[in-house]
Amino acid sequence: MQNLLPKDGEVYYYPDFFTKEESDRLFQELKTRVNWKQEPIKIFGREVMQPRLTAWYGDDDKPYSYSGITMHPEPWTPALDLIKKRIEELSGIRFTSALLNYYRNQQDSMGWHRDNEKELGSNPIIGSVSFGEAREFQFRHYYDKTLKQALLLTHGSFLLMKGSTQHYWEHALPKRSRVLGGRINLTFRKIYT
Ligand SMILES: O=C(O)CCC(=O)C(=O)O
Ligand SMILES: [Fe+2]
């Protein structure tokens, strides 16, 4: 497996991690069964609605703060357990929590950020699973914003970010102008408390 970053971190991409059949089923199940919410976030002290729907799942009731909001986890479901087991086998990591994002169309997005909250430890490991419409995922180096990488996260893919990635690289999922269908992304995390 080859590292997608030129330096200062490790990112590995597995495009067909889930079969087409599994991916179709999991997308439909998550889309219809998850209790999706649109949450406010604070940007420069102002409350703004997030341009996507979210949900938070995890081992137990460890609240977790994210972009100025505190999320309380819901218990794992059979579908999430299946996904979690598969990525744990590959990565050798035990994940405690997952943030689910539902991008309803091309106008939903996620801005530049690093997943470097204290609870994630010194070198956060993030396991990112995508279903539905393929979307471009971008990286830029935090200290040299001209250094960039982009890749298409396709239906049934798995992206693993580890090592010093969250120290040196920001990532984002930009809006697009072309009409696009829905996409669900799950970022599995290991929270230390
Ligand atoms: O939707 C994605 O691929 C990115 C999600 C993300 O960066 C996050 O949940 O922290
Ligand atoms: Fe992220």
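- An unreviewed UniProt entry annotates the protein as Alpha-ketoglutarate-dependent dioxygenase AlkB of Flavihumibacter fluminis.

## A look at the site of ligand 1
Alright, step 1. Lining the immediate surroundings of ligand 1 are 14 residues, of which Asn101, Tyr103, His171, Arg183 and Arg189 lie closest.
Alright, step 2. Residue Asp115 places a side-chain N or O atom 3.2 Å away from an oxygen atom belonging to ligand 1.
Alright, step 3. A distance of 3.2 Å is found between an oxygen atom of ligand 1 and a side-chain nitrogen or oxygen belonging to Thr187.
Alright, step 4. Protein burial of ligand 1: of its 290 Å² of free accessible surface, 99% is covered by the chains.
Alright, step 5. Contributing elements (two or more residues each) for the shell around ligand 1: β7 (97-103), β8 (110-113) and β14 (183-189).
Alright, step 6. Considering every element that reaches the shell around ligand 1, the biggest residue donor is β14, with four residues.
Alright, step 7. Partitioning the shell around ligand 1 into residue classes produces six nonpolar, five polar and three charged.

## Quick notes on the coordination of the iron ion (ligand 2)
Alright, step 1. Within the first shell, the iron ion (ligand 2) binds the protein through His113 (NE2), Asp115 (OD) and His171 (NE2), at distances of 2.1 to 2.2 Å.
Alright, step 2. Counting the intervening residues between successive donors of the iron ion (ligand 2) yields the motif H-x1-D-x55-H. Of the two residues, Asp115 sits in the loop between β8 and β9 (126-132) while His171 sits in strand β13 (residues 169-173), which places them 56 residues apart along the sequence. Taken individually, Asp115 and His171 each receive the classification buried, so the pair is uniform in this respect.

## Thoughts on the UniProt feature "domain: Fe2OG dioxygenase" (unreviewed entry) in the protein
Alright, step 1. Within this structure's numbering, the places UniProt gives as "domain: Fe2OG dioxygenase" (unreviewed entry) are residues 94-192.
Alright, step 2. The distance from the first to the last C-alpha atom of residues 94-192 is 11 Å, and the span holds 4% helix and 49% strand.

About the cut-offs
Residues numbered from 1 in each chain as written. Chains lettered and ligands numbered in written order. Predicted model: local features only at pLDDT ≥ 70, side-chain atom pairs only at ≥ 80, totals over all residues. Heavy atoms only, no water. Near = heavy atom within 4 Å. Polar contact = N/O pair within 3.5 Å; in protein donor to acceptor, adjacent residues only side chain to side chain. Areas by Shrake-Rupley, 256 points an atom, 1.4 Å probe, with all protein chains shown as cover. Helix = DSSP H or I, 4+ residues; strand = E, 2+ residues; numbered from the N terminus. Nonpolar A, V, L, I, M, F, W, Y, C, P; charged D, E, K, R; others polar. Donors = N, O, S within 2.8 Å, 3.2 Å for Na, K, Ca; no water. Buried < 20%, exposed > 50% of the residue type's maximum accessible area, 1.4 Å probe, protein only. UniProt positions renumbered as here; feature names shortened; annotations may be inferred.

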